[in-house]
Amino acid sequence: MFKHILVPIDGSHTSLLAVDKAAGLAKTFGSKLTALYVIDPYPFTGVGAEFALGQSQYLSAAKAEAGAALGAAGERMRQAGVAGETRVVESHAIWRGILDAAEQDGADLLVIGSHGRRGLEMLVMGSVTRSVLAHSKITTLVVRE
C-alpha cells in the first residue's frame, strides 16, 4: 500500500511515538522507512564576528541534537525489526524541509507527531504539524500521545 514512509522527528517523546507507528506500518506493508530531522540553519540574525561564532556553535549543537534524535529513532526502528534510514536536511522553515524531503524521496506517507498545543501556546509557538497538514499533497498520519 505505501512504498516509502517518511517520519520527521524532533527528538521529542511524541516524535518517537510517530517512529513506532511508522515502523509498524513499514513492517506491515514492506515499506521503505526514513526518519528525517530538519535543521533551520539560520534561526536568528545578527551582524559581526560574534554572530559568526554564535552561528557556528548553534550549527554544531543542532547537528549533535539531530544525531541524538536520529540515533534514538534508528534504535526504535531496529527494535521493531525494520531496516530504516535516517537523514538530516537544512531548511529555513521546518515544515517546508519536511515536504521538500518527502517529494525528493518519493515518499507516499508522512507519519508525524503532534504535541497537541492549543490556544495561546499554539499561536505563540506555531505548529510544524499544522503547516505540514496545510501544504502536504500526500497522505499524512498525525500521531498524538
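Our structure's up above, just so we're on the same page.
Residues numbered from 1 in each chain as written. Predicted model: local features only at pLDDT ≥ 70, side-chain atom pairs only at ≥ 80, totals over all residues. Heavy atoms only, no water.

Caption draft 1: Here's a closer look at the nonpolar core. Ranked by size, the top nonpolar core spans 25 residues in total, and within it Ile5, Val7, Ile9, Val19, Leu33, Tyr37 and Val111 carry the most contacts. Elements that contribute at least two residues to this core include exactly β1 (4-8), α1 (13-29), β2 (32-39), α2 (49-79) and β4 (109-113). Of the residues forming this core, the biggest block, seven residues, is contributed by α2. If we ignore the near neighbours within four places in the chain, the residues touching leucine 33 are His4, Ile5, Val7, Ala22, Ala23, Ala26, Met77, Val82, Gly84 and Glu85. Ranked by size, the runner-up nonpolar core spans twelve residues in total, among them Val89, Ile98, Leu99 and Ala101. (Core = buried A, V, L, I, M, F, W, Y, C linked by side-chain atoms within 4.5 Å. Buried < 20%, exposed > 50% of the residue type's maximum accessible area, 1.4 Å probe, protein only. Helix = DSSP H or I, 4+ residues; strand = E, 2+ residues; numbered from the N terminus. Contact = heavy atoms within 4.5 Å.)

Caption draft 2: View of the pattern of salt bridges. Counted under the stated rule, the structure contains five salt bridges. Across the pair arginine 87 and aspartate 105 runs a salt bridge, and its minimum N-O distance is 2.7 Å. Taken as a pair, arginine 87 in strand β3 (residues 85-90) and aspartate 105 in helix α3 (residues 94-105) lie far apart in primary sequence, 18 residues in all. For aspartate 100, the salt bridge goes to arginine 96, with nearest N and O atoms at 3.9 Å. Of the two residues, aspartate 100 and arginine 96 both sit in helix α3, four residues apart, roughly one turn of that helix. (Salt bridge = Lys/Arg side-chain N within 4 Å of Asp/Glu carboxyl O.)

Caption draft 3: Expanded view of the sheet that holds strand β5 (residues 139-143). Here five strands make up an open sheet; going across it, the order is β3-β2-β1-β4-β5 and the pairing parallel. Whereas interior strands pair on both sides, the edge strands pair on one side only; in this sheet they are β3 and β5. The average undirected angle you get between the axes of adjacent strands in this sheet is 25°. Here β1 pairs with β4 via two bridges, running parallel. Within β4, the position partnered with isoleucine 5 by the bridge is leucine 109. Strands β1, β2, β4 and β5 of the sheet are contacted by α1, whose axis makes an angle of about 150° with β4. (Pairing = 2+ DSSP bridges. Axes fitted to C-alpha atoms, helices over the stretch in contact; angles between N-to-C directions.)

Caption draft 4: Examining the packing of α3 against helix α5 (residues 128-135) more closely. Viewed as axis vectors pointing N to C, α3 and α5 meet at an angle of 45°, and their least axial separation amounts to 8 Å. Relative to α5, the element α3 lies oblique. Along this stretch, α3 crosses α5, giving a crossing that reads as right-handed. Contact with α3, carried on its side by Ile94, Trp95, Ile98 and Leu99, involves Val128, Ser131, Val132 and His135 of α5 and no other residues of that element. (Parallel < 35°, antiparallel > 145°, perpendicular 65-115°, else oblique. Left-handed = near helix turned anticlockwise from the far one by under 90°.)

Caption draft 5: Quick look at the packing of aromatic side chains. Using the criterion set out here, one finds one aromatic pair in the structure. Aromatic side chains phenylalanine 2 and phenylalanine 29 sit 5.7 Å apart centroid to centroid with 80° between the ring planes, which places their arrangement in the edge-to-face category. Linking phenylalanine 2 in the segment before β1 with phenylalanine 29 in helix α1, this pair joins segments that are 27 residues apart in sequence. Here phenylalanine 2 falls in the buried class, since its relative accessible area comes to 16%. (Phe/Tyr/Trp six-rings, centres within 6.5 Å; stacked < 30°, edge-to-face > 60°.)

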